[in-house]
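# Working through the structure, step by step
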Amino acid sequence: MNFEGLDPGLAEYAPAMHSALDPVLDAHLNPSLLQNVELDPEGVALEALPVQESVHIMEGVYSELHSVVAEVGVPVSVSHFDLHEEMLWVGSHGGHATSFFGPALERYSSFQVNGSDDIRQIQSVENGILFLTKNNLKYMARGGLIIFDYLLDESEDMHSLLLTDSSTLLVGGLQNHILEIDLNTVQETQKITKLSLLQVSLRDLRTFKVEHEFDAFSGSLSDFDVHGNLLAACGFSSRLTGLACDRFLKVYDLRMMRAITPLQVHVDPAFLRFIPTYTSRLAIISQSGQCQFCEPTGLANPADIFHVNPVGPLLMTFDVSASKQALAFGDSEGCVHLWTDSPEPSFNPYSRETEFALPCLVDSLPPLDWSQDLLPLSLIPVPLTTDTLLSDWPAANSAPAPRRAPPVDAEILRTMKKVGFIGYAPNPRTRLRNQIPYRLKESDSEFDSFSQVTESPIGREEKPHLHMVSKKYRKVTIKYSKLGLEDFDFKHYNKTLFAGLEPHIPNAYCNCMIQVLYFLEPVRCLIQNHLCQKEFCLACELGFLFHMLDLSRGDPCQGSNFLRAFRTIPEASALGLILADSDEASGKGNLARLIQRWNRFILTQLHQDMQELEVPQAYRGAGGSFCSSGDSVIGQLFSCEMENCSLCRCGSETVRASSTLLFTLSYPEDKTGKNCDFAQVLKRSICLEQNTQAWCDNCEKYQPTIQTRNIRHLPDILVINCEVNSLKEADFWRMQAEVRTRAGNRALGVAFKMAIKKHGGEISKNKEFALADWKELGSPEGMLMCPSIEELKNVWLPFSIRMKMTKNKGLDVCNWTDGDEMQWGPARAEEEHGVYVYDLMATVVHILDSRTGGSLVAHIKVGETYHQRKEGVTHQQWYLFNDFLIEPIDKHEAVQFDMNWKVPAILYYIKRNLNSKYNLNIKNPIEASVLLAEASLARKQRKTHTTFIPLMVNEMPQVGDLVGLDAEFVTLNEEEAELRSDGTKSTIKPSQMSVARITCVRGQGPNEGIPFIDDYISTQEQVVDYLTQYSGIKPGDLDAKISSKHLTTLKSTYLKLRFLIDIGVKFVGHGLQKDFRVINLMVPKDQVLDTVYLFHMPRKRMISLRFLAWYFLDLKIQGETHDSIEDARTALQLYRKYLELSKNGTEPESFHKVLKGLYEKGRKMDWKVPEPEGQTSPKSKAWDGTRETRLGFDCTCEDYTLHNNNDDDDVNSGAAVFSSVLAL
């Protein structure tokens, strides 16, 4: 199913008829409705993916074939089978139209028809679709283009239309007339007066005169249909208590012009249609989902009743295809259900072929080299036309008018220094680099101040400038140099031992929420105890990321694997949570709404992932002790059990139990909201009460009902979405803060006046207060008069709230302050049953900054257990988390919001003493069985192609064992860089790499040097460059259909490496720092033996593995391509050589002399390994000759480095990007 046309804002839609429901995707909604994706059985391993059972359709019997979501949570208002093509059209209460192609209901087009009114009827014609809303008729092409838009009188309330011929349309509604509209001229041709709604009138189509009238129902008509000589109608009859649905269908014989015997049915009819196949069957549908088939002239049989299972409580629309083979139902939750009587139905007897978007033809055109001066421009394909081109202006109408160069900035002229005829001046940073804007009008405003943003928003070299946004809250970016990230000073941004998260990964806007979940101690523990076999499980990937955050000592981590799995979840794409790189960089999306939708999505997804109790044998012991039957620990922590009550004015009450993982603030709309406590707003949001129209089973009609929400059980963690999405909500927050500030100032003035009165009524210049007099204001008596710090600091949000469950299912909410703690005692709340105190733990805010597109940051109260693990101290402290910037802050800063740039988005409150309720022990769920033999995903892989021997049970590694490691990578996205005016290159965004092959070699024992892991990693993302020359990976090696390699998933190999790290082995390799970074692993430094640094002198260049192997081992490696097995073995041999030369590290002086000889030899050889017929290694022949001074390049697959050898010191000039090496 294609979700690209789905409006992300639909997740916040609040249904008018069922406002008690949460205004997003229902928690009980079947996830399979959002996963209409057909899997190629040839392209995936059957044992790796769950396969949905096929739907069995009996010929001649209607049953459900497909169900899809048209719009999440938005009721379907009308459905219509296209009369010309194999398509089903659906209209919503939000004015949105969606079309589905074929019986598989593949989304064909989706567009907005009306911005405010619901779509009331749809009619397909030859060249497009007619849409009728309240007072608007719109004719649109099937792709969404508007053909005409006819606006009716504002007093009109239209409900139905009828196409009398190909160019004439009748439109009617609640008014006492019918309009005739000519579709050719789009004009109203005549107005026909109609009679009462209680009668069925038969009119002549030519003159529209009434020929006959039938008395229908005493109340109102609900639906009718005509087939042959029969007319059947259903409706409502008047009763003493009001209108009631009549279970007798009116049937009329149009030949005799009289009514025949009414037909009694067993359901409450709301819709009816003739389905004439072999007989004139009638389909009668009720809004609750019951459907009955019967003959109009016979008796209704209760055995002919079947039930449609709507996702919402009501069916809103029903239609039958022209072929009578398909039925379409639309419900109040936005779902469409297709029922058919055959496995492969057709909607029309003769449908024309549907037009689809043409594929892109750019790839079929030959490439043109624009740098060639002699290239004929005739090779550029242009459409053949005989008309005059737009660019062919006659000479009389055109005159050359060259643009005048803009004047040089006065600041440049003032600071310029001339050397000869060339002037040099520092860049005043008033213009974009390498761009000169031309202003054609003098009235153009000054250039945007975006150019004044420095490369690092809070860097040390920032120019003084007046900014509204505080420095530490601005969006932070990584400044890349020749060494990549190696010389970037992360310690300047984070002086704590907590780990930040890097922001350059796609969809890293959720970094702040990942930190919030990590610093919830029960969530951190239970997520790390979870492990399952799903390839893309967010709970597993989040547990791996939490493990890295635990191991880090202040170094930043990256959530690349977690975000990679996040991008594969279809629900995330359907909710609009996957941002394009361009939208994320420019800040086009509303980050506040985005992070609130992400917050709801991640809690729901973790809840579903943790509900899987059956743990496979390979992953046994994966945290099952946390889970209970039918629920997850996420549900125990976040879920709030509720009762949704609907009370009709007749006294009938309907109660439905439900649960939610978070709440959304509902703000008061009247003037009483000028001075509200946060507790009052929170109680209003939790115990929601609304008046709305809803169906009453007792009254059997729509009645005004009072819908309330009562709390049965409070959650341990209270999550609140602030929903500050408009100026109205922002003004409410601003008003509450201003009211508190004014109240604090008044209280301070009263306290000061009372102090003056105590000392004689006035304060003269010669009269001073003693220190004891001022201290009286801090006494308990003075505290009643003095304002609180929250009032003086413009704070409305409380740090603690107190909730109490009453006996009548009510809820009392109040602010809980330190004064209350002193008055009632710290344990008072725990003594009473049903009384809980919640403490503020985190606030997520949206930073509004037009210069950088805005960002998201979090204020988090870090608990004692985290400080104990990281710093060895026991205390609590508030911190600001802005990606990799972490800074301690005052607690009041976390609840101070300047609505001009700092807007609240999400609040997290936790129960006091929450950690004591849960088992916080982390049991590593990864067992040694992950290292045993496993099947390959590749179908062509044979035993003869096996390049490794898996470990036996008696070979399991122990603490301190050596393991040779090497990895190869492919490029997913090329880097983005700019060339400065001085000729240097600045990397804006690095290339995105993905691991393609991981090899582990035994480091000791009889099988030393034999690999036990040689996994090729299957990837579903598009590979831009396989880097075959440097990685040995060829196109097709990572494709399960054609690969002959041992192909596995990234998660499978990741678990193997995690087990080796946890067991305590030591990895030996060359350039392991980048390998672990791309694999997304955090390895303790004492478990890494990197030959890059073992054979390195300070302030000298890094030496390639190929040169070290030739110099010390007399080996020629990496000839045509790189092989990871060969590289891992060579690194092990080099480590053995290092131990031999340094006497196990006991003689550093002698080894220093060896390194000096190595660097001298490298300079003489220009760091190049000679060809086979050339120079031999120093083992066989001493090198003699003069040292050359020149620029040399040495490229390795491990670090892709660019080296400079211009002087004797060989100062390291850093690493360049792989593409630069190719260009050079």
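Residues numbered from 1 in each chain as written. Predicted model: local features only at pLDDT ≥ 70, side-chain atom pairs only at ≥ 80, totals over all residues. Heavy atoms only, no water.

Both strand S34 (residues 689-696) and strand S35 (residues 701-713) contribute to a ladder of eight bridges, which runs antiparallel. Opposite cysteine 696, over in S35, you have lysine 701 as the bridge partner. The turn joining S34 and S35, which pair antiparallel and follow one another in sequence, is formed by four residues; a positive phi near 55° is taken by glutamate 700. (Pairing = 2+ DSSP bridges. Helix = DSSP H or I, 4+ residues; strand = E, 2+ residues; numbered from the N terminus.)

Moving on: the sheet that holds strand S25 (residues 305-307). The strand order across the open sheet built from four strands is S22-S23-S24-S25, with neighbouring strands paired in antiparallel fashion. Edge strands, defined here as strands with exactly one partner in the open sheet, are strand S22 (271-276) and S25. Neighbour-to-neighbour, the strand axes of the sheet open up by a mean angle of 25°, direction not taken into account. Relative to strand S24 (residues 290-294), strand S23 (residues 280-285) runs antiparallel, the two being bridged by four bridges. By the bridge assignment, alanine 283 is partnered in S24 with phenylalanine 293. (Axes fitted to C-alpha atoms, helices over the stretch in contact; angles between N-to-C directions.)

Mapped onto this structure's residue numbering, the UniProt feature "binding site: a divalent metal cation" (unreviewed entry) falls at Asp966, Glu968, Asp1075 and Asp1127. A compact arrangement is adopted by the annotated residues: their sequence extent is 162 residues, whereas the largest C-alpha distance between any two is 13.1 Å. Inspection of the secondary structure puts aspartate 966 in strand S44 (residues 962-973). The topology assignment puts aspartate 1127 in helix H23 (residues 1124-1141). (UniProt positions renumbered as here; feature names shortened; annotations may be inferred.)

Before going further, it helps to examine the packing of helix H22 (residues 1105-1113) against helix H24 (residues 1148-1164). Orientation of H22 relative to H24, taken along the N-to-C sense of each, is 115°, at an axis distance of 12 Å. Like other packed secondary-structure pairs, H22 and H24 cross with a definite hand, here right-handed. Across from Phe1107, Leu1108, Trp1110, Tyr1111 and Phe1112 in H22, the residues of H24 making contact are Val1154, Gly1157, Leu1158, Lys1161 and Gly1162. Looking at the contact of H22 with H24 residue by residue, the classes come out as seven nonpolar, two polar and one charged. (Left-handed = near helix turned anticlockwise from the far one by under 90°. Contact = heavy atoms within 4.5 Å. Nonpolar A, V, L, I, M, F, W, Y, C, P; charged D, E, K, R; others polar.)

Applying the stated criterion across every chain, the model contains six cavities of 30 Å³ or more. In this structure, the largest cavity spans a volume of roughly 80 Å³. Taken together, Glu535, Phe536, Glu541, Phe544, Asn561, Arg564, Ala565, Leu1050, Lys1051 and Tyr1054 make up the lining of the largest cavity. Looking at the lining of the largest cavity, the elements that each hand over two or more residues are helix H4 (538-551), helix H5 (560-567) and helix H19 (1050-1063). Considered class by class, the residues forming the lining of the largest cavity number five nonpolar, one polar and four charged. (1 Å grid on protein atoms, 1.4 Å probe; cavity = no way out; pocket = protein on both sides within 12 Å on 5 of 7 lines; lining within 4 Å. Points joined across faces, edges and corners; volume = space filled by probe spheres on them.)

Positive phi outside glycine occurs at leucine 105, with the angle close to 55°. Within the secondary structure, leucine 105 is located in the loop between strand S4 (96-101) and strand S5 (106-112).

If you trace the four strands from one edge of the open sheet to the other, you get S32-S31-S35-S34, paired in antiparallel fashion. Looking at the sheet topology across the chains shown, the edges are occupied by strand S32 (653-660) and S34. Strand after strand, the sheet turns through a mean of 35° between neighbouring axes, direction not considered. As paired strands, strand S31 (residues 640-648) and S35 are joined by eight bridges and run antiparallel to one another. For cysteine 645, the partnering residue across the bridge sits in S35 and is threonine 708.

Within the largest apolar cluster, 107 residues are counted, with the highest numbers of intra-cluster contacts made by Tyr509, Ile595, Trp598, Phe638, Tyr908 and Phe1067. In this structure, this core is formed jointly by two domains, domain 1 (633-721) and domain 2 (930-1160), each of which donates at least three residues. Judged by nonpolar contacts, the second largest core, of 54 residues, contains Ala679, Phe732, Trp796 and Ile847. (Core = buried A, V, L, I, M, F, W, Y, C linked by side-chain atoms within 4.5 Å. Buried < 20%, exposed > 50% of the residue type's maximum accessible area, 1.4 Å probe, protein only. Domains from an automatic or database assignment.)

Let's shift gears to the side chain of aspartate 849. Inspection of the secondary structure assignment puts aspartate 849 in the loop between strand S39 (835-847) and strand S40 (855-862). Among the polar contacts made by the side chain of aspartate 849, one reaches the side chain of arginine 851 at a distance of 2.8 Å. With near-sequence residues (within four places) excluded, aspartate 849 lies in contact with Val469, Arg474 and Gly854. (Polar contact = N/O pair within 3.5 Å; in protein donor to acceptor, adjacent residues only side chain to side chain.)

Relative orientation of the contacting elements H4 and H5 amounts to 165°, with a least axis distance of 8 Å. In terms of orientation, H4 lies roughly antiparallel with respect to H5. Read as a crossing pair, H4 and H5 show a hand that is left-handed. The residues of H5 that touch H4, namely those facing Leu538, Glu541 and Leu542, are Asn561, Phe562, Ala565 and Phe566. A breakdown of the residues in the contact of H4 with H5 according to their chemical character gives five nonpolar, one polar and one charged. (Parallel < 35°, antiparallel > 145°, perpendicular 65-115°, else oblique.)

Relative to the helices and strands, proline 276 resides in strand S22. For the pair proline 276 and lysine 324, spaced 48 residues apart in sequence, the C-alpha separation works out to 7.3 Å. Sequence-distant contacts of proline 276, defined by excluding residues within four places in its chain, comprise His227, Arg281 and Lys324.

This part covers helix H2 (residues 511-518). Burial of H2 is extensive: eight of the eight residues sit out of reach of the surface. Considered for burial, the residues of H2 that qualify are Asn511, Cys512, Met513, Ile514, Gln515, Val516, Leu517 and Tyr518.

Let us now look at the pattern of salt bridges. On inspection of all chains with the given rule, the structure shows 34 salt bridges. The residue glutamate 85 makes a salt bridge to arginine 142 at a minimum N-O spacing of 3.9 Å. In this pair, glutamate 85 is assigned in the loop between strand S2 (76-81) and strand S3 (87-92) and arginine 142 in the loop between strand S8 (136-140) and strand S9 (146-151), connecting sequence segments 57 residues apart. Arginine 142 shares its class with glutamate 85; the two are buried. Of the charged contacts in the structure, one is a salt bridge between arginine 734 and aspartate 731, with a shortest N-O distance of 2.7 Å. (Salt bridge = Lys/Arg side-chain N within 4 Å of Asp/Glu carboxyl O.)

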